[in-house]
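Read off the chains here:
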Amino acid sequence: MPRYNLEGQVAIVTGAGRGIGRAIALRLAREGCPVTVADLDGETATQVADEVRDLGGQALPLQVDVTRNEEVQHMVHQTSEELGSLRILVNNAGIGAIATLLETDEETWDALMNVNAKSVLLCSQAAARQMIKQGGGGRIINNASGAGKIAPGKGMPLGAYAASKHAVVALTKQMGLELSDHGILVNCVCAGIVDTPMWDLIDRETAAQQGVPVGSVKAQAVAGVPLGRIQQPEDVANLVAFLASDDASYMTGQTYNVSGGLLPY
Ligand code: NAD
């Protein structure tokens, strides 16, 4: 059952081929949004678009590298051509990398900053220009992370990832101000320990570095979650759907936690 009145509100979700992005695409489709399922992996994008159609929704699968400006421009153009006026952009695509800051090489730093931070700028610029041309405003929702607000921790070698996610929070704050005259509301979500392939990677690689059993890093992280369970991608999608809705029409430039109580502020 749809909760919000998003019928016909065209959305783009990046990194929507799996994990949190997939859950967001499916949730927005259930709310009535025609949705562009954009992912670096064209095969998974097609699979999720099929899932949207199975729900009775409208979907456009696109293989897109969000770090490449020409592909981003194409994504926005194709969406407008095939689905109609663009109203919602969800900047979700992201990557992780496990290394202490002392061991982070330039290649890793550049990859994290490009995929996690630069893409938010490029996709938001392209989408906002389209929304301004159309008139009538829009929504940009960025998927940062708890690591966008706090240090991941002494035993969690995610420093460069955290720097890239802090950048997403900063982009959200300033973009919310700059686009306010156009009625384009920009907000950000910060999740905790979400059960996706990304956390499997964090667990595996951190466990290997620390010489502890696979699964133990994740188990220890989840043990610290006040609500006592690992987060599901749908928990994030719930907040994104709300931020896309009319109920969030007086909110912009803000960053909201959905983390089972893990994040203190
Ligand atoms: P995931 O690795 O399961 O999925 C990420 C998706 O992004 C993949 O389908 C991948 O192909 C796609 N992608 C990667 N690089 C891309 C690129 N250059 N262009 C287009 N698509 C690209 O990750 P997830 O856990 O679902 O994470 C989604 C977002 O949520 C990320 O931004 C991540 O940083 C953030 N996040 C995750 C967690 C977590 O615990 N898993 C917590 C907080 C925030």
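About the criteria used
Residues numbered from 1 in each chain as written. Predicted model: local features only at pLDDT ≥ 70, side-chain atom pairs only at ≥ 80, totals over all residues. Heavy atoms only, no water. Core = buried A, V, L, I, M, F, W, Y, C linked by side-chain atoms within 4.5 Å. Buried < 20%, exposed > 50% of the residue type's maximum accessible area, 1.4 Å probe, protein only. Helix = DSSP H or I, 4+ residues; strand = E, 2+ residues; numbered from the N terminus. Contact = heavy atoms within 4.5 Å. Expected span 1.5 Å × (residues − 1). Bend = angle between axes of the 7 residues up to and from the residue. Pairing = 2+ DSSP bridges. Axes fitted to C-alpha atoms, helices over the stretch in contact; angles between N-to-C directions. Near = heavy atom within 4 Å. Polar contact = N/O pair within 3.5 Å; in protein donor to acceptor, adjacent residues only side chain to side chain. Areas by Shrake-Rupley, 256 points an atom, 1.4 Å probe, with all protein chains shown as cover. Nonpolar A, V, L, I, M, F, W, Y, C, P; charged D, E, K, R; others polar. Patch = residues over 30% accessible without salt bridge, like charges linked within 9 Å, V, L, I, M, F, W, Y side chains within 5 Å. Salt bridge = Lys/Arg side-chain N within 4 Å of Asp/Glu carboxyl O. Lys, Arg positive; Asp, Glu negative; His and termini not counted. Charge placed at Lys NZ, Arg CZ, Asp CG, Glu CD.

**Remarks on the nonpolar core**
Phase 1: Of all hydrophobic cores here, the largest spans 36 residues; its most connected members are Val13, Ile24, Leu28, Val35 and Val37.
Phase 2: Looking at this core, the elements that each hand over two or more residues are strand S1 (10–14), helix H1 (19–30), strand S2 (35–39), helix H2 (42–54), strand S4 (86–91), strand S6 (184–191) and helix H8 (233–244).
Phase 3: If near-sequence neighbours (up to four positions away) are discounted, Val35 is found in contact with Ala11, Val13, Ala25, Ala29, Val52, Gln58, Ala59, Leu60 and Leu83.
Phase 4: With 24 residues, the next largest nonpolar core counts Ile12, Val76, Ile140 and Met175 among its residues.

**Observations concerning helix H4 (residues 106–134)**
Phase 1: When the terminal C-alpha atoms of H4 are compared, their 40 Å separation across 29 residues agrees well with the 42 Å that a helix rising 1.5 Å per residue should span.
Phase 2: Along its length, H4 reaches its greatest deviation from straightness, about 40°, at Lys118.
Phase 3: Phi turns positive, to about 80°, at Gly135, one or two residues after H4.

**So, the sheet that holds S6**
Phase 1: Spatial ordering of the open sheet is given by S3-S2-S1-S4-S5-S6-S7, a layout of seven strands whose pairing is parallel. A strand with exactly one partner marks an edge of an open sheet, and here the two such strands are strand S3 (59–63) and strand S7 (254–258). The sheet shows a mean angle of 20° between the axes of neighbouring strands, direction not considered.
Phase 2: Of the strand pairs in this sheet, S6 and S7 are connected by five bridges, and their pairing is parallel. The residue bridging Asn187 from the neighbouring strand is Gln254, located in S7.
Phase 3: Strands in contact with helix H5 (residues 159–178) are strand S5 (138–143), S6 and S7; relative to S6, the strand with the most contacts, it is inclined by about 155°.

**Here we look at the site of the ligand**
Phase 1: Taken together, 27 residues lie around the ligand, and Arg18, Asp39, Asn92, Tyr161 and Thr196 are the ones closest in.
Phase 2: Contact distances for the ligand include 2.8 Å between an oxygen atom and a backbone N or O atom of Ile20.
Phase 3: Take Leu40: an N or O atom from its main chain is 3.2 Å from a nitrogen atom of the ligand.
Phase 4: Relative to its unbound accessible surface of 830 Å², the ligand loses 94% to contact with the protein.
Phase 5: Those elements that provide at least two residues to the shell around the ligand are H1, H5 and helix H6 (197–210).
Phase 6: Ranked by residue count, the leading element in the shell around the ligand is H6, at three residues.
Phase 7: Of the residues contributing to the shell around the ligand, the split by class is 15 nonpolar, eight polar and four charged.

**Side note on a negative patch on the surface**
Phase 1: Taken together, the side chains of Asp105, Glu106, Glu107 and Asp110 present a region of like negative charge at the surface.
Phase 2: Of the residues examined, Asp110 reaches a relative accessible area of 41% and is grouped as partly exposed.

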